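Okay, here's what each chain looks like letter by letter:
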Amino acid sequence: MTKKWYVLHTYSGYENKVKQDLEHRIESMGLEEKVFDIEIPTEKVTDIKEGGRRVTTDKKVFPGYVLVRMILDDQSWSVVRHTPGVTGFVGSAGKPSALTRDEYHRIMKKADSDIRPKTSSNLEIGMSVKVTNGPLADFDGTISEVMTDTGRVKVLVSIFGRETSVDLSFDQVSKL
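Attention here is on the structure that accompanies the text. The shown structure was predicted, so the numbers you read here are calculated from the model rather than taken from an experiment. (Residues numbered from 1 in each chain as written. Predicted model: local features only at pLDDT ≥ 70, side-chain atom pairs only at ≥ 80, totals over all residues. Heavy atoms only, no water.)

## Some remarks on the sheet that holds strand β2 (residues 35-39)
To keep things clear, this is the line we draw: When DSSP locates at least two bridges between a pair of strands, those strands are taken to pair. Helix and strand assignments follow DSSP, with helices taken as H or I runs no shorter than four residues and strands as E runs no shorter than two, numbered in order from the N terminus. For helices, the fitted axis covers only the stretch in contact; all axes are lines through C-alpha atoms, and the angles between them, taken along N-to-C directions, range from 0 to 180 degrees. Two residues qualify as a contact provided that any one of their heavy atoms is within 4.5 Å of a heavy atom in the partner residue.
Spatial strand order, β2-β5-β1-β6: four strands in an open sheet with antiparallel pairing. Two strands close off the open sheet at either side, each with one partner strand: β2 and β6 (86-89). Across the sheet, the axes of successive neighbouring strands diverge by a mean angle of 30 degrees, strand direction being ignored. The strands touched by helix α2 (residues 74-81) within the sheet are β1 (4-10), β2, β5 (65-70) and β6, with β6 carrying the most contacts at an inclination of about 145 degrees.

## Some details on the pattern of salt bridges
What counts is decided by this rule: Throughout this description, the term salt bridge denotes a Lys or Arg side-chain nitrogen within 4 Å of a carboxyl oxygen of Asp or Glu. Only protein chains enter the accessibility calculation, which uses a 1.4 Å probe; a residue is then buried when its area is under 20% of its type maximum, exposed when over 50%, and partly exposed in between.
Applying the stated rule across the entire model yields seven salt bridges. A salt bridge links Lys-34 to Asp-73; its shortest N-O distance comes to 2.7 Å. With Lys-34 in the loop between α1 (15-28) and β2 and Asp-73 in the loop between β5 and α2, this residue pair connects regions lying 39 residues apart in the sequence. Assessed through its relative accessible area of 17%, Lys-34 is described here as buried. Here Asp-167 makes a salt bridge to Arg-152, at a shortest N to O gap of 3.2 Å.

See below:
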């Protein structure tokens, strides 16, 4: 029997509780030699709050899913499957499907913290905004592009009667 990664489906928002409960069940039932790792893939996301304050948090890459590295047999399957909050294994016809090594690495690479944190905001294309700082402070404009990966927006600002595209960071604009 070999160790493989399996994907558990859980109630959304209960991933951490499932991980904690599963760790306790494994320890209390002596399954440390069959269940080895439990992962909840997360990524760092920077949110822009009121006043341009940046808050970096960990967000789940796949809400409602937990990865478990285990040797699958009847006993380990039963303990994991009957953990509170677990709704089942991902697979077909009731049979859990193991992740390939490439699938696991792709999932964990997506969750890798070395990657530049994503930036999220409530800014949308077409939204009217006011430039809050910089040389164009107090100008009003309309968002033409939102670049969440870099935390920047392109805003169309009227300068001398012409629409000019300006590249600004999320914290340089506020909604009107």
